[in-house]
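Summary of the model geometry
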Amino acid sequence: MFNIVKIVSGLISCAAVFGLLSSIRGSQLGTQTTNEVFWKSFRVDGMEVEHFESLSDMKKSADLVIEGALIDFRLSREIRTAIGEDSVAYGLATVRVSRVLKGQVKAETVPVEFLMPDSPEALSSRVADLESTLPAGAIVLFLRDKGGRESGLYRTVNSWGLWASGGRGVIAPLVEGSPEADNSRSYVAELAGISDVAGLSQSIANGK
Amino acid sequence: VNNPGRRRRLQLFAHIFVGAMIGAIGHVAAMNFGSIGTPGGSGTTNGVFLVPIEGGSSAYTRQYRVKMRGLPTAWANDVAWVMNTSYNLTYVYPLLVSWEVSSTCNDSDSSVCVYAENYGNNGLSGWNACVGVAVGSHPNMTCTLNRVRFNTFAPPPFSRRQTACHELGHAWGLQHTAATDTCMNTFGIGGTEVPSNHDISHITCAYWPPGC
């Protein structure tokens, strides 16, 4: 009888551990929101020029930090190079500004360009998909003025420069991996206790 | 209750259950090892395993063939250095790793097409994207043709070799890492121009399982 009890209690323990693991994995994956689905289209496996140890450093460096909502998306331009078979496209997101957290805006909307990693053949259908599925909800953007011949356009400072509300609270949907895999561990601590974009926005406004 | 047969069955069930648990833990722990495809629509997938070119004139029948398309001399020299140094695996695996300056680059005879252009201020010194046929799902997605683009917009804070090692590493299937002893660090931290032993082990396991 004692052995049976030991076995059953062992099974219950194992089931508890399994449940815990499943819940951790579940929370890591989360429930994809429209924002997550939309913005992950712009994930690029590339080497990023700008890196920030913290979100406060990112704010200090950014030319413009805003909270707003995406109201339009379209193909911005296609760069056709001397090598005939290749071209690179950018999409243009128009963001209506609801709060300026750093810098100054010249209009109620800000144009932000995103590199589109799609092949030239797949580009038109991808743009059509994106145009018809604009995500609702607020986003926070840390932006760089492109300057030069691209003056008037902005880009996110890096893949951590766009934040939205997601299944796991506040997420950076342009980022492929986790902060631990990306030298951005300190962001996790800075985001502790922040559950949505409004909270992040207020935290940035407060000086973080 | 005191039936020895029933007790043995229960013990056997418990062992199987615990084994499954260990397997599940192992799966979770292994998630960071392997390709990290972006399962988007339109065939866009990044950092996936390449499909070696089959055939060829040498004793090697499977090839990782890099074609340089109109690269400035400095970039061409550094891509050649990376292929000769960082990914010189020809004598390790039955897989011919080669590079050449070429006037064509397509699915049938190439693994990676490399370009260097001024793509504007996009915050990237280079990036990799699958433009060929993507098959399978993460973490075992494969791609028949990758394009690697180096952005000459502005001098990056790291070397051309480091960028080349990084982007060609993605074409092998390597993903970003926080480790600083490899060129696969997302932000180039560490300044390394070669992949780590861990990365090479990953490539070995993917392309030549007997050496794994």
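The model shown is predicted, which means the values in this text are computed figures rather than measured ones.

**Describing the overall build of chain B**
Counting its secondary structure elements, chain B contains four helices and nine strands. Along the chain direction, N to C, the helices and strands of chain B fall in the order α-β-β-β-α-β-β-β-β-β-β-α-α. Across the 212 residues of chain B, 50% fall into the buried class. In chain B, the share of contacts with a sequence separation of at least 24, taken over all contacts with a separation of at least 6, comes to 68%. Carbon and sulfur atoms form 57% of the exposed surface of chain B, whose accessible area is close to 8900 Å².

**Here we look at the state of the cysteines**
All names here are of chain B. Considering all chains together, one arrives at three disulfides over all chains under this definition. The disulfide partner of Cys 105 is Cys 113, and the gap between their sulfur atoms is 2.0 Å. Here the S-S torsion is close to -90°, and the disulfide linking Cys 105 with Cys 113 is therefore left-handed. For Cys 113, a relative accessible area of 0% corresponds to the buried category.

**A closer look at the pairing of strand β5 (residues 112-117) of chain B**
On any regular strand, side chains alternate: one points to one face of the sheet, the next to the other face. Residue and element names in this part refer to chain B. When you tally the buried positions in β5, you get six out of six residues, the bulk of the element. Burial along β5 is two-sided: Val 112, Val 114 and Ala 116 facing one way and Cys 113, Tyr 115 and Glu 117 facing the other are all buried. In this sheet, β5 lies alongside strand β3 (residues 62-68) in parallel orientation, the contact comprising three bridges. Bridge pairing links Lys 67 to Cys 113 in β5. Two elements, β5 and strand β9 (residues 146-151), share six bridges in a ladder whose sense is parallel.

**Digging into the confidence of the model for chain A**
Residues and elements named next belong to chain A. When pLDDT is averaged along chain A, the result is 82, and 79% of the positions lie at 70 or above. Per-element confidence in chain A is highest for strand β6 (residues 154-156), whose mean pLDDT is 98, and lowest for helix α1 (residues 2-29), whose mean pLDDT is 46. Confidence over residues 14-33 falls short of pLDDT 50; this stretch has 22 contacts with residues more than four positions distant or in other chains.

**What to know about the side chain of Arg155(A)**
Structurally, the position occupied by Arg155(A) is in strand β6. Given the relative accessible area of 7%, Arg155(A) is considered buried. Among the polar contacts made by the side chain of Arg155(A), one reaches the side chain of Asn121(B) at a distance of 2.8 Å. Excluding residues within four positions of it along the chain, Arg155(A) makes contact with Glu50(A), Val112(A), Glu113(A), Phe142(A), Leu143(A), Arg144(A), Lys146(A), Asn121(B), Asn122(B) and Gly123(B).

**Re the packing of helix α2 (residues 73-85) of chain B against helix α3 (residues 160-172) of chain B**
All names here are of chain B. Two elements in contact, α2 and α3, have axes whose closest approach is 9 Å; the angle formed by their N-to-C orientations is 55°. In terms of axis orientation, α2 runs oblique to α3. Our pair here, α2 against α3, has a crossing hand that is right-handed. Mapping the contact onto sequence places Ala 74, Trp 75, Asp 78, Val 79, Trp 81, Val 82 and Met 83 in α2 and Arg 160, Arg 161, Thr 163, Ala 164, Cys 165 and Leu 168 in α3. A breakdown of the residues in the contact of α2 with α3 according to their chemical character gives nine nonpolar, one polar and three charged.

The rules behind the values
- Residues numbered from 1 in each chain as written.
- Chains lettered and ligands numbered in written order.
- Predicted model: local features only at pLDDT ≥ 70, side-chain atom pairs only at ≥ 80, totals over all residues.
- Heavy atoms only, no water.
- Helix = DSSP H or I, 4+ residues; strand = E, 2+ residues; numbered from the N terminus.
- Buried < 20%, exposed > 50% of the residue type's maximum accessible area, 1.4 Å probe, protein only.
- Contact = heavy atoms within 4.5 Å.
- Areas by Shrake-Rupley, 256 points an atom, 1.4 Å probe, with all protein chains shown as cover.
- Disulfide = S-S within 2.5 Å.
- Pairing = 2+ DSSP bridges.
- pLDDT = per-residue confidence, 0-100.
- Polar contact = N/O pair within 3.5 Å; in protein donor to acceptor, adjacent residues only side chain to side chain.
- Axes fitted to C-alpha atoms, helices over the stretch in contact; angles between N-to-C directions.
- Parallel < 35°, antiparallel > 145°, perpendicular 65-115°, else oblique.
- Left-handed = near helix turned anticlockwise from the far one by under 90°.
- Nonpolar A, V, L, I, M, F, W, Y, C, P; charged D, E, K, R; others polar.

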